[in-house]
Amino acid sequence: MTTGFSLYGWLLHLGREVLLWLRGWWLMAFTGAQVAVLALSPPAWRRESRGAVLRQVYAAAGPGLPGFTTLMALFNVVVIRIVVVTAFAYGLTQYALDAVVRVLVLELIPLAAALFVAVEYSIPAGSDLFKLRRDGGFAALRARGIDPLSHEVLPRVLAGVAAVLLLAALSCVISLVLAYIGVHGFNLAGLASYNRAVGHIFNPVVSLIFGLKTLLFALAVALLPAANALRDMPRRHSRTSVELQGLVRMFVLMLAIEIASLVGNYY
């Protein structure tokens, strides 16, 4: 009898945890839909709204831009050198550029940009939203006739998305330039063959998958902390545990996106 009650209690606990997990994903999807509707509405692009978004974009990408691009350039130089030297040593020179572009540009750069923005901006911005909501800031905005979602949440989400896209695009340009220098040196003799090789890699399907993956990474790191900040926490959960759950959910979603892109590119 005791075993039956313990099994029933365990199943009940499991069912509650699954419902909470599904509710978290639903809240993220619902928040994303609300933000998308607000972003496409004309009031979101008034002068004061544009100013708020631009300030958040600068906060998301501006301070960390020099350090991120410098670290990515150094990382690219090291990886490119390793790949090129290894390819030369094994007589696979013709595959060196292909390996460099696929590993760095297609796979590592979008992931690195998304993780950088998540750690440097999106997660702290989500904590700020939670504190504002907890301290009655959202209620005060509603009392003044201002929608908190469009005034506080939307600029942070758009800034997170824009920061990931900006850092990824800039890092891709740097990586492609360094890849050319690493393979052909400081001359223009190999420019035509380099353009053909890169164009062959970035065919329409790969380009579409790359763009979608980068955009989905940006949406994941921008939306999840904001949705987590709007979540009503159970009393038994501390804020730290909820933030850790949000991080786990973010990594799971990014892993699923990465797996889907690998399947699309190589299968």
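To start, this report covers the structure provided alongside it. (Residues numbered from 1 in each chain as written. Predicted model: local features only at pLDDT ≥ 70, side-chain atom pairs only at ≥ 80, totals over all residues. Heavy atoms only, no water.)

1. Re the overall build of the protein
- Of regular secondary structure, the protein possesses nine helices and zero strands.
- With the C-alpha coordinates of the protein rotated into their principal frame, the extents come out at 70 × 60 × 30 Å.
- Expressed as a percentage of the 267 residues in the protein, the buried residues total 40%.
- Here the contacts in the protein between residues at least 6 apart in sequence split such that 80% fall between residues at least 24 apart.
- Surface summary for the protein: the accessible area is close to 14900 Å², and the carbon and sulfur share equals 71%.
- Taking the 21 positively charged and 12 negatively charged side chains of the protein as two groups, their mean positions are separated by 3 Å. (Helix = DSSP H or I, 4+ residues; strand = E, 2+ residues; numbered from the N terminus. Buried < 20%, exposed > 50% of the residue type's maximum accessible area, 1.4 Å probe, protein only. Contact = heavy atoms within 4.5 Å. Areas by Shrake-Rupley, 256 points an atom, 1.4 Å probe, with all protein chains shown as cover. Lys, Arg positive; Asp, Glu negative; His and termini not counted. Charge placed at Lys NZ, Arg CZ, Asp CG, Glu CD.)

2. Quick word on the packing of helix 4 (residues 96–134) against helix 6 (residues 148–184)
- Interhelical geometry of helix 4 versus helix 6 gives an angle of 155° and a closest axis separation of 8 Å. It follows from the interaxial angle that helix 4 and helix 6 lie roughly antiparallel. Relative to helix 6, helix 4 is oriented so that their crossing is right-handed.
- In the contact of helix 4 with helix 6, the residues fall into 23 nonpolar, four polar and two charged. (Axes fitted to C-alpha atoms, helices over the stretch in contact; angles between N-to-C directions. Parallel < 35°, antiparallel > 145°, perpendicular 65-115°, else oblique. Left-handed = near helix turned anticlockwise from the far one by under 90°. Nonpolar A, V, L, I, M, F, W, Y, C, P; charged D, E, K, R; others polar.)

3. A look at the packing of aromatic side chains
- Enumeration over the complete set of coordinates arrives at four aromatic pairs.
- Taking 6.1 Å as the distance between ring centres and 85° as the angle between the ring planes, the aromatic pair formed by Phe 202 and Phe 210 counts as edge-to-face.
- Judged by its relative accessible area of 16%, Phe 210 is buried. (Phe/Tyr/Trp six-rings, centres within 6.5 Å; stacked < 30°, edge-to-face > 60°.)

4. Some remarks on the side chain of Ser 122
- Locating Ser 122 in the fold gives a position in helix 4.
- Polar contacts involving the side chain of Ser 122 include one to the main-chain carbonyl oxygen of Val 221, which spans 3.0 Å. (Polar contact = N/O pair within 3.5 Å; in protein donor to acceptor, adjacent residues only side chain to side chain.)

5. Considerations on the packing of helix 4 against helix 8 (residues 204–229)
- Helix 8 packs onto helix 4 with a crossing angle of 20° between their chain directions and a minimal axis gap of 7 Å. By the angle between their directions, the pair helix 4 and helix 8 is classed as roughly parallel. For the element pair helix 4 and helix 8, the recorded crossing hand is right-handed.
- For the contact of helix 4 with helix 8, a count of residues per class yields 17 nonpolar, three polar and three charged.

6. What to know about the nonpolar core
- By size, the foremost hydrophobic cluster in this structure holds 65 residues, and its most contacted members are Val 117, Val 153, Val 157, Val 164, Val 221 and Met 254.
- Only helix 1 (2–39), helix 2 (47–61), helix 3 (65–89), helix 4, helix 6, helix 7 (191–201), helix 8 and helix 9 (239–266) provide two or more residues apiece to this core.
- Take this core: its biggest share by element is 17 residues, from helix 4.
- In contact with Val 164, not counting residues within four places along its chain, are Ala 113, Ala 114, Val 117, Thr 214, Ala 218 and Val 221. (Core = buried A, V, L, I, M, F, W, Y, C linked by side-chain atoms within 4.5 Å.)

7. Brief notes about the pattern of salt bridges
- This model, assessed by the stated rule, comprises five salt bridges.
- Note that Lys 213 and Glu 258 form a salt bridge whose closest N and O atoms lie 3.5 Å from each other. Within this pair, whereas Lys 213 is found in helix 8, its partner Glu 258 is found in helix 9, the two being separated by 45 residues in sequence. Comparing Lys 213 with Glu 258 shows no difference in burial state: the two are buried.
- Through salt bridges with shared partners, a single ionic network connects Glu 107, Lys 213 and Glu 258. (Salt bridge = Lys/Arg side-chain N within 4 Å of Asp/Glu carboxyl O.)

8. Some remarks on helix 8
- With 26 residues, helix 8 should cover 38 Å at 1.5 Å per step; its first-to-last C-alpha distance of 38 Å lies within 8% of that length.
- Looking at where helix 8 begins, the residue whose side-chain oxygen comes 3.1 Å from the main-chain nitrogen of Val 205 is Asn 203. (Expected span 1.5 Å × (residues − 1).)

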